[in-house]
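# Survey of secondary and tertiary structure
Listed below, chain by chain, are the residues.
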Amino acid sequence: MRILGLLHTRCLPFSRGHMKNLASMVLSGVVLLLVAGPVVSRHDYAAQDRDLILSSPGSEHWLGTDSLGRDNFARFVVGGRLSVVMAATAAGGACAVAAFVGTIGALGGSAARTATAIVFDVMLSTPWYLLVFVIRAVLPLDTSAGVTAAVTFGILGFIGWAHGARAIRDAVLGMVTGPWIRQARATGAAGFTLWRAHIVPNVGPVLVTQFLLLLPTLMLGEATLGMLGLGIPEPLPSWGGSLVELVQTNTVLERPWALVPALLLAISSISLRALAGGESS
Amino acid sequence: MRPILLLATLASLAAAELRFSIRSDPKTLEPLAVTDQNSDTVRFLTTARLVRRNRITQKLEAELAEKWEIRDKGLTLVFRLRPGLRYSDGTVADSQDVKTTIQRLLDPAKAYPMSEGLRAAGITSVETPGPLEVRIRTKEPIAGLDSFFEEVPVLSSRSPLGDKAALGPFVLTEYKRGTSLRFQKNPNYFRKPLPRLDAVRIDIQANPELERARFERGELHFLSALDADGFAALQKTGQTQDAGPTLDSEILWFNQNPGAPIPEHKKKWFTSREFRCALSAALHREDLVRVAYGGRAVPGVGPVAPSAKEWFAPKLRAQPYDAKQTQTLLTRAGFQLRNGLLLDSSGNPVTFSLLTNSTSRVRQRMAAMIQQDLDKIGIKIQVVLLDMPSLLERMTRSSNYDAVLLGMVGIDLDPNDQMNIWMSTSSSHAWNPSQKQPATPWEAEIDQVLRAQFHATSPAKRRQFMQRFQEIVADQAPVLYLVHPNALAAVSRQLTGVKVSSLLPRVIWNIEEVGLAPAETAR
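Right, let's walk through the structure included here. (Residues numbered from 1 in each chain as written. Chains lettered and ligands numbered in written order. Predicted model: local features only at pLDDT ≥ 70, side-chain atom pairs only at ≥ 80, totals over all residues. Heavy atoms only, no water.)

### Considerations on the interface of chain B and chain A
- Taken together, the contact pairs 32 residues of chain B with 30 residues of chain A.
- The contact between chain B and chain A buries some 2,400 Å² in all, and 49% of this surface belongs to carbon and sulfur atoms.
- Joining chain B to chain A, the criterion identifies three salt bridges.
- For B:Asp287, the salt bridge goes to A:Arg50, with nearest N and O atoms at 3.1 Å.
- Our enumeration of links across chain B and chain A arrives at nine residue pairs in polar contact (both at pLDDT 80 or more).
- Those elements giving two or more residues to the side of chain B that touches chain A turn out to be helix H6 (208-216), helix H7 (228-234), helix H10 (285-292), strand E17 (351-357), helix H12 (361-375), strand E18 (380-386) and helix H13 (388-398) of chain B.
- The leading source of residues in the side of chain B that touches chain A is H12(B), at eight residues.
- Residue classes in the side of chain B that touches chain A are distributed as 10 nonpolar, 10 polar and 12 charged. (Contact = heavy atoms within 4.5 Å. Buried area = accessible area lost by both parts, 1.4 Å probe. Salt bridge = Lys/Arg side-chain N within 4 Å of Asp/Glu carboxyl O. Polar contact = N/O pair within 3.5 Å; in protein donor to acceptor, adjacent residues only side chain to side chain. Helix = DSSP H or I, 4+ residues; strand = E, 2+ residues; numbered from the N terminus. Nonpolar A, V, L, I, M, F, W, Y, C, P; charged D, E, K, R; others polar.)

Structure representation (structure tokens):
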């Protein structure tokens, strides 16, 4: 997001606050669409109308139909809900782990610091995506589509926690050795009070930033797996699954509305990262 | 040096070089060890066989043998070779080379893919009464023995180049792993005039989208393995050809292995003829053809595709969608519908997983359609997409699966090609492999019928046996045949003499007749 930062700090008459407000508005719109979409949609996301495959947008099917005659809008909003809710849950879990391990890494003495540093390096330099293939291969075959989707996001969350943990470790470490915590200690603050009044309020924004950065990463991760056929299984829809139809270049030219999930995924990711930028500032 | 370089460039431009691509490296360049299609393409270009099947008429034609005959009531097969055969390095090719090639295949110390078929034929001796005659004797009459030799490349026993000495139309001159293979015209090729093409270049191109783009830019002269989406995308170029249904099938089968680590009640469903036939009748095959294949396929009938004109049982039809038949069969087998769920006689809800490979978009669509079709009769299925190694592991090693959706590639027209799948003893008998004794009476009958056709020398008798075989499969439905896809290709207007076939190799089977017109003329 360096380019975006450059734009809004030097070239455009927007402050970080403006960007944050704009991102919040966009995200609110997306959330509203995903919440209200299934209510206003008249179609079941899984129902196939095999006599109406790949139809253009119209009054009956607002975003046309897919290659099996399923309503694109219904699949798009339900898939979006699923992607966002599961990614948010996985990102929340990953941030909780990151906070715990990062704090241990910062406060646990030199042995803990070395051990967590090694764990972070291993986590960040291993091609964990192979894990998705392995775990998907050994999952019981009668695992429902919903559980498979949850497991997939769980793995993505597992892959993603180390970045956040390192950021939290550095933040906590910076604080506990910083002058203002020393000053607080000098004024008598200690133990729980020190944590509640000084450390948690200052680590919180770092954690929120990590969450906002991880959320789009997980959504894009699922989209990538969806393109490989290893995302959320049928009949459940997902934004990643919708992108499979874009693999053929002529799809983009002949049915540009098929790009909507990709565009919304991109807009949501940019907005979340813009929000994260606002938080970190 | 510059004038020389310029001359070399001009020479390469003037040379007629055919360019096409394959998706991955050939697994082997050893002609006898070929198991994959890419290696077979290389073998097809560089080797020659005693006989070759005309991919349009489906009849065997003379290749290295100028004629052949079956004598002694089917116990002796005699090939008469063309005179003056030479390998690319000038070494003479004669009956001795045929004999040593067959002996290499029959060597018990070797396990070549073709060996099993030749050993099963019970060859007792290979005699060479002269340099141009080969006599192959068998213990019992073997039907279609001449067809076996359509696959057997005649390799040199005397050339210093060994197996690299080419008897086919082209000689492999360069192989850059992961990038390309180059071939030059074999100056000693036995067919005269020599091939019209001077050279062939095969690029390794894993991505079908890039392959298509390169064809549109004129960098590749043909695509022989298009799927329905790719075919539709190229139709506007006016260079696509649909050669009709192939011998291939898209199939679904249930795990009937008694030792499989799946619940007993599922094994009971899967071994029930009524259950399998009921599900077969619940599927909309016409929809699979129309929606998943864009109409470029025909509904699946059985193990012998309708395109195998000589052996297909003409009375058989693809199982149509029939809700009433499904209901009757399920009721007879003790299943009942309760609250939208199908329950077996013990009250177990009928749910199972359907495995398929994660890289095939067409199969994913088919799986989603099957899921909806079966949902309508109260059966819930989980579609599980796996990478191919994981899928094969479950199918062949652990047997830990319920049902599989995959494709079956038909290599040869001869009915003997079915035996490695359908004999109950075979390790490729997918639903219950390597049986010591046939597990069911109908599998025993299939074994018997296939053995009988193997030894029947009269084509009419073989057709009768093959008809019975197809009837048993249709009646028992151990494998649900869904569709037979069409052979879809795109061929540049620059190419002349191409006759696209539904049989492999679809475009280059008559490569000696293929020519390349200058690009301007083609337009």
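Additional details are given in the paragraphs that follow.
### Brief notes about the pairing of strand E9 (residues 180-185) of chain B
Residues and elements named next belong to chain B.
- Pairing of strand E8 (residues 170-176) with E9 involves six bridges; the strand directions are antiparallel. Bridge pairing links Leu172 to Phe183 in E9.
- Summarising the sheet, E9 and strand E10 (residues 199-204) pair through five bridges and their orientation is antiparallel. Bridging across to E10, Arg182 finds its partner in Arg201. (Pairing = 2+ DSSP bridges.)

### Quick word on unusual backbone geometry
- B:Lys192 connects to B:Pro193 through a cis peptide bond whose omega is 0°.
- Relative to the helices and strands, B:Pro193 is located in the loop between E9 and E10.
- Cis geometry is adopted by the peptide bond preceding B:Pro505, which originates at B:Leu504 and carries an omega value of -15°.
- Despite not being glycine, A:Leu54 has its phi angle at roughly 50°, a positive value.
- Tracing the chain through its elements places A:Leu54 in the loop between helix H2 (16-40) and helix H3 (72-107).
- Unlike most non-glycine residues, B:Ser399 shows phi in positive territory, near 55°.

### Focus: the environment of A:Ile232
Residues and elements named next belong to chain A.
- Following the sequence through the fold, Ile232 ends up in the loop between helix H8 (191-227) and helix H9 (239-243).
- A residue is classified by how much of its surface remains accessible, and Ile232, at 11% relative accessible area, is buried.
- On a C-alpha basis, the gap between Ile232 and Arg255 in space is 23 Å, while along the polypeptide they are 23 residues apart. (Buried < 20%, exposed > 50% of the residue type's maximum accessible area, 1.4 Å probe, protein only.)

### Some remarks on the pattern of salt bridges
All names here are of chain B.
- Under the defined criterion, the tally for this structure stands at 50 salt bridges over all chains.
- With a closest N to O distance of 2.9 Å, Arg55 and Glu150 form a salt bridge. Residue Arg55 is located in the loop between strand E2 (51-53) and strand E3 (60-62), and its partner Glu150 is located in the loop between helix H5 (145-148) and E8; the two are separated by 95 residues in the primary sequence.
- The salt bridge partner of Asp248 is Arg506, with a shortest N-O separation of 3.6 Å. Placement of Asp248 in the loop between strand E12 (240-245) and strand E13 (249-254) and of Arg506 in the loop between strand E21 (495-496) and strand E22 (515-516) is noted, with a sequence separation of 258 residues between them.
- Take Arg506: its relative accessible area is 11%, and that puts it in the buried class.

### Looking at the environment of A:Val119
Residues and elements named next belong to chain A.
- Examined against the element boundaries, Val119 turns out to sit in helix H4 (residues 109-125).
- Judged by its relative accessible area of 37%, Val119 falls in the partly exposed class.
- Taking C-alpha positions, Val119 is 8.2 Å from Ala162, a pair spaced 43 residues apart along the chain.

### Description of the packing of H2(A) against H3(A)
All names here are of chain A.
- Two numbers describe how H2 lies on H3: the axes approach to 9 Å, and their chain directions differ by 140°. As far as their axial angle goes, H3 and H2 are oblique. The chirality of how H2 crosses H3 is left-handed. Contacts between H2 and H3 involve Leu33, Leu34, Val35, Gly37, Pro38 and Val40 on the former and, on the latter, Phe73, Phe76, Val77, Val78, Gly80, Arg81 and Val84.
- Here the residues of the contact of H2 with H3 sort into 10 nonpolar, two polar and one charged. (Axes fitted to C-alpha atoms, helices over the stretch in contact; angles between N-to-C directions. Parallel < 35°, antiparallel > 145°, perpendicular 65-115°, else oblique. Left-handed = near helix turned anticlockwise from the far one by under 90°.)

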